[in-house]
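Summary of structural features
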There are 2 protein chains.
Amino acid sequence: MEPGQRIERALQSAVRAGEAPGCPPRLAAAIRHAVFPGGARVRPQLALAVSLACGDRDPVLADAAAAAIELLHCASLVHDDLPCFDAALTRRGKESVHVAYGERLAVLAGDALIVMAFQSLAAAGAHAPERLVPLLGTVARSVGMPLGIVAGQAWECEPRVALADYQRAKTGSLFAAATEVGALAAGHPAAAWSDFGQWLGEAYQVADDIRDVACDPALLGKPAGQDVTFCRPSAATDLGLQGAMAHFNSLLRRATAAIPDCAGAGALRALVRAEAERLLPHTVTAEIARLAA
Amino acid sequence: MEPGQRIERALQSAVRAGEAPGCPPRLAAAIRHAVFPGGARVRPQLALAVSLACGDRDPVLADAAAAAIELLHCASLVHDDLPCFDAALTRRGKESVHVAYGERLAVLAGDALIVMAFQSLAAAGAHAPERLVPLLGTVARSVGMPLGIVAGQAWECEPRVALADYQRAKTGSLFAAATEVGALAAGHPAAAWSDFGQWLGEAYQVADDIRDVACDPALLGKPAGQDVTFCRPSAATDLGLQGAMAHFNSLLRRATAAIPDCAGAGALRALVRAEAERLLPHTVTAEIARLAA
């Protein structure tokens, strides 16, 4: 089965478990709206790519870990879009959850998705508790305090923040966790895989900053110009578009160099190249060149 | 060490782990505000009381499980108080988190507390993975979909709901989990302990409904009259104050009858009696009698 199919199947399984008889139907619908259809599923794709590069010795656990990472990403999107944060009306080309279901169900859907991530991971890892414990620790660290997604988001509420710290927590942490859980699920130590995910995550965030400035909303599937509107730390604001492009390319080189020596290293390098083209396709880089001229 | 001290120590340990260097200081402060000083800590007290009744064979795990239950309760309070839900200005006799730190940090503090609950439980259970897996499942079930706290809260967003279903999910589920994790941490099966927690939790919710109508805000430490204001399902609204009192007493009888036969059963019955007096003290029952007259 293709990694993309494995991811969707694991996500369907996790979401369906929450739709058992007795559940409140509107919250169930809001959760489904938040998870399906997905975006590029880049984090779980990364997790499975690393698991495959490490021999994919426990596909059930790898799929559940990849799905847990994606559920936590979806939770962060739902809460980021709330009126008190970005007040985003659209996400992935459709209404954001709070627009479609109201603010209360958006708060609850995010909460439920966080719980679902840990619940589905714990259930899938019951047969391998010695691997489950580090997996849970890695996933929790990437999303909680002091250095996970919620910490990254909270830096937006501080008077001062270093751009790199902010991006490392807000985006790098979950990418690092994606590579680490891929290794852990396959029975490999996680430490060697962290830098690869961390650099790729920072590159992803810089690309997002660039797209926020250089792209139109139809291409993004969400509003553009949000970083300036909300005075958020942004590589495009700090470094200018050309500087941000150079930083993006430098982060990609570091990510590629950080791929551990293994049988699947070639496939992972190809994944990085494909992601680079997907994140900043020719139309966008051409637009940046035009703006710079 | 007294159960109350064990609970505070475990909560301090969990919260402190999130305050490591590099954390965003305002989110750290908001989390601390949400957890300390606590209310009656009734759920973790219940968890430890059951663990003690079952022999308390793994106090470290019991303390962590009790703390996880309380962290999830605190998370639900922070999100319940948000402007889109109850818009409560006070909680536990001081400003609610969104009033003290703003709405964004209140959303993030709730999210961080949910993650912290699973993280601290996973860390404390690493030495006993065979007990950790059912503990995680029990805790997750009590707070997530389809029948946990978030589901209970979501029933407020549905056009129709049965009062018992709502109260079972919104309050009963976490009380049931408290009794179950106490048993599980001590190496006992959880099933026999679920009904005791469930009935006690429903009694607690009915008492809360009664206090919402019959108490003044200074006694509650939070606004009164919220159920009518927000058209929430309420035993006091459905049954009248006298009817709700009768229902409360009936639920307490069922809770007491559901205590499994064990060496600590007498202590648990005493705990139920003490809770009943704490929840609806003489001043409140006298007020209800006055209103009925």
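Cut-off values and rules
Residues numbered from 1 in each chain as written. Chains lettered and ligands numbered in written order. Predicted model: local features only at pLDDT ≥ 70, side-chain atom pairs only at ≥ 80, totals over all residues. Heavy atoms only, no water. Least-squares fit on C-alpha atoms with pLDDT ≥ 70 in both. Contact = heavy atoms within 4.5 Å. Helix = DSSP H or I, 4+ residues; strand = E, 2+ residues; numbered from the N terminus. Salt bridge = Lys/Arg side-chain N within 4 Å of Asp/Glu carboxyl O. Phe/Tyr/Trp six-rings, centres within 6.5 Å; stacked < 30°, edge-to-face > 60°. Buried < 20%, exposed > 50% of the residue type's maximum accessible area, 1.4 Å probe, protein only. Core = buried A, V, L, I, M, F, W, Y, C linked by side-chain atoms within 4.5 Å. Axes fitted to C-alpha atoms, helices over the stretch in contact; angles between N-to-C directions. Parallel < 35°, antiparallel > 145°, perpendicular 65-115°, else oblique. Nonpolar A, V, L, I, M, F, W, Y, C, P; charged D, E, K, R; others polar. Polar contact = N/O pair within 3.5 Å; in protein donor to acceptor, adjacent residues only side chain to side chain. pLDDT = per-residue confidence, 0-100. Disulfide = S-S within 2.5 Å. Expected span 1.5 Å × (residues − 1). Bend = angle between axes of the 7 residues up to and from the residue.

1. Notes on the relation of the copies chain A and chain B
Placing chain A over chain B gives an RMSD of 0.0 Å and needs a rotation angle of 180°, together with 0.0 Å of translation along the axis. These values place the two chain copies in the arrangement generated by a two-fold rotation axis. Distance from the rotation axis, computed per C-alpha, reaches its smallest value in chain A at Pro129 of chain A: 2.8 Å. Mapped onto chain B, 100% of the interface residues of chain A again fall at the interface, so both copies present the same surface.

2. Focus: the side chain of Gln198 of chain B
Considering the arrangement of structural elements, one finds Gln198 of chain B in helix H10 (residues 194-214). Filtering out sequence-adjacent residues up to four positions away, Gln198 of chain B remains in contact with Arg168, Gly172, Ser173 and Ala176 of chain B.

3. Side note on the pattern of salt bridges
Residues and elements named next belong to chain A. Taken as a whole and judged by the stated rule, the model has 32 salt bridges over all chains. Of the charged contacts in the structure, one is a salt bridge between Glu180 and Arg141, with a shortest N-O distance of 3.5 Å. Of this pair, Glu180 sits in helix H9 (residues 163-185) while Arg141 is found in helix H7 (residues 129-143), placing the two residues 39 residues apart along the sequence. The shortest N-O distance in the salt bridge between Glu202 and Arg168 comes to 3.4 Å.

4. What about the packing of aromatic side chains?
Taken as a whole and judged by the stated rule, the model has five aromatic pairs over all chains. Each ring, one from Phe118 of chain A and one from Phe118 of chain B, has its centre 4.9 Å from the other, and the planes form 10°; the classification is stacked. On the criterion of chain membership, the pair formed by Phe118 of chain A in helix H6 (residues 103-124) and Phe118 of chain B in helix H6 (residues 103-124) is interchain, its members lying in two chains. Like Phe118 of chain A, the residue Phe118 of chain B is buried in the burial classification.

5. Observations regarding the nonpolar core
Side chains of nonpolar character tend, in soluble globular proteins, to be buried together. Membership of the largest hydrophobic core comes to 212 residues, with the highest contact counts inside it found for Leu113, Phe196 and Phe248 of chain A together with Phe196 and Phe248 of chain B. Beyond its immediate sequence surroundings of up to four residues, Phe196 of chain A is in contact with Leu46, Val50, Thr179, Ala255, Ala258, Ile259, Leu268 and Val272 of chain A.

6. Section: the packing of helix H1 (residues 3-17) of chain A against helix H4 (residues 59-80) of chain A
All names here are of chain A. Their axes nearest at 9 Å, the elements H1 and H4 cross at an angle of 70°. In terms of orientation, H1 lies roughly perpendicular with respect to H4. Of H4, the residues touching H1 (which contributes Arg6, Arg9, Ala10, Leu11, Ala14 and Val15) are Pro59, Ala62, Asp63, Ala67, Glu70 and Leu71. Broken down by class, the residue content of the contact of H1 with H4 amounts to eight nonpolar, no polar and four charged.

7. Details of the interface of chain A and chain B
A common way to state how big an interface is: give the accessible area lost once the parts meet. Chain A puts 48 residues into the contact, and the matching count from chain B is 48 residues. In this assembly, chain A and chain B are joined by zero salt bridges. Where chain A packs against chain B, one counts six residue pairs in polar contact (both at pLDDT 80 or more). Listing elements by their share of the side of chain A that touches chain B, those giving two or more residues are helix H2 (25-35), H6, H7 and helix H8 (149-154) of chain A. With twelve residues, H6 of chain A is the largest single contributor of residues to the side of chain A that touches chain B. Tallied by class, the residues present in the side of chain A that touches chain B amount to 35 nonpolar, six polar and seven charged.

8. As for the environment of Glu103 of chain A
For Glu103 of chain A, the position within the fold is in helix H6. Taking the C-alpha atoms as reference points, Glu103 of chain A and Asp81 of chain A, 22 residues apart in sequence, are found 9.9 Å from one another. The contacts of Glu103 of chain A, once residues within four sequence positions are left out, are Leu82, Pro83 and His98 of chain A together with Cys84 and Glu103 of chain B.

9. Describing the side chain of Ser173 of chain A
Summarising the element assignment, Ser173 of chain A is placed in helix H9. Filtering out sequence-adjacent residues up to four positions away, Ser173 of chain A remains in contact with Ser142, Leu147, Gly148, Ile149, Arg168 and Gln198 of chain A.

10. Things to note about the confidence of the model for chain A
Reading fine detail from the predicted coordinates is not recommended where pLDDT is low. In this model, chain A carries a mean pLDDT of 92, and residues with pLDDT of at least 70 account for 98%. For this predicted complex, the interface score ipTM comes out at 0.94, while the overall pTM is 0.94.

11. With respect to unusual backbone geometry
Here the bond from Met145 of chain A into Pro146 of chain A is cis, since omega is 5°, no more than 30 degrees from zero. Within the fold, Pro146 of chain A resides in the loop between H7 and H8. With an omega of -15°, the peptide bond running from Phe36 of chain B to Pro37 of chain B counts as cis. Mapped onto the secondary structure, Pro37 of chain B falls in the loop between helix H2 (25-35) and helix H3 (42-53). One non-glycine residue, Arg41 of chain A, lies in the positive phi region at around 50°. Counting through the fold element by element, Arg41 of chain A comes out in the loop between H2 and helix H3 (42-53). Phi is positive for Asp56 of chain B, which is not a glycine, with a value near 50°. Residue placement: Asp56 of chain B occurs in the loop between H3 and helix H4 (59-80).

12. A closer look at the state of the cysteines
By definition, a disulfide links the sulfur atoms of two cysteines through a covalent bond. Counted according to the given criterion, the structure contains zero disulfides over all chains. Cysteine Cys74 of chain B shares no disulfide, and the gap to the nearest cysteine sulfur, in Cys23 of chain B, comes to 18 Å.

13. Observations regarding helix H13 (residues 235-257) of chain A
Every α-helical turn comprises 3.6 residues, leaving residues that sit three or four positions apart pointing alike. Residues and elements named next belong to chain A. Over its 23 residues, H13 extends only 22 Å from the first C-alpha to the last, a length that falls short of the 33 Å expected when each residue adds 1.5 Å. Remark: the principal bend of H13, roughly 100°, maps to Leu241. Check the buried side of H13 and you find it contacts H9, helix H10 (194-214), helix H14 (265-279) and helix H15 (282-292). Regarding H13, its N-cap is Ser234, as a side-chain oxygen of that residue lies 3.1 Å from the backbone nitrogen of Ala236 further along.

14. Some words on the environment of Ala100 of chain B
Residues and elements named next belong to chain B. Relative to the helices and strands, Ala100 resides in helix H5 (residues 97-101). Overall, the relative accessible area of 28% leaves Ala100 in the partly exposed class. Ignoring any residue separated from it by four or fewer positions in sequence, one finds Ala100 in contact with His33 and Glu95.

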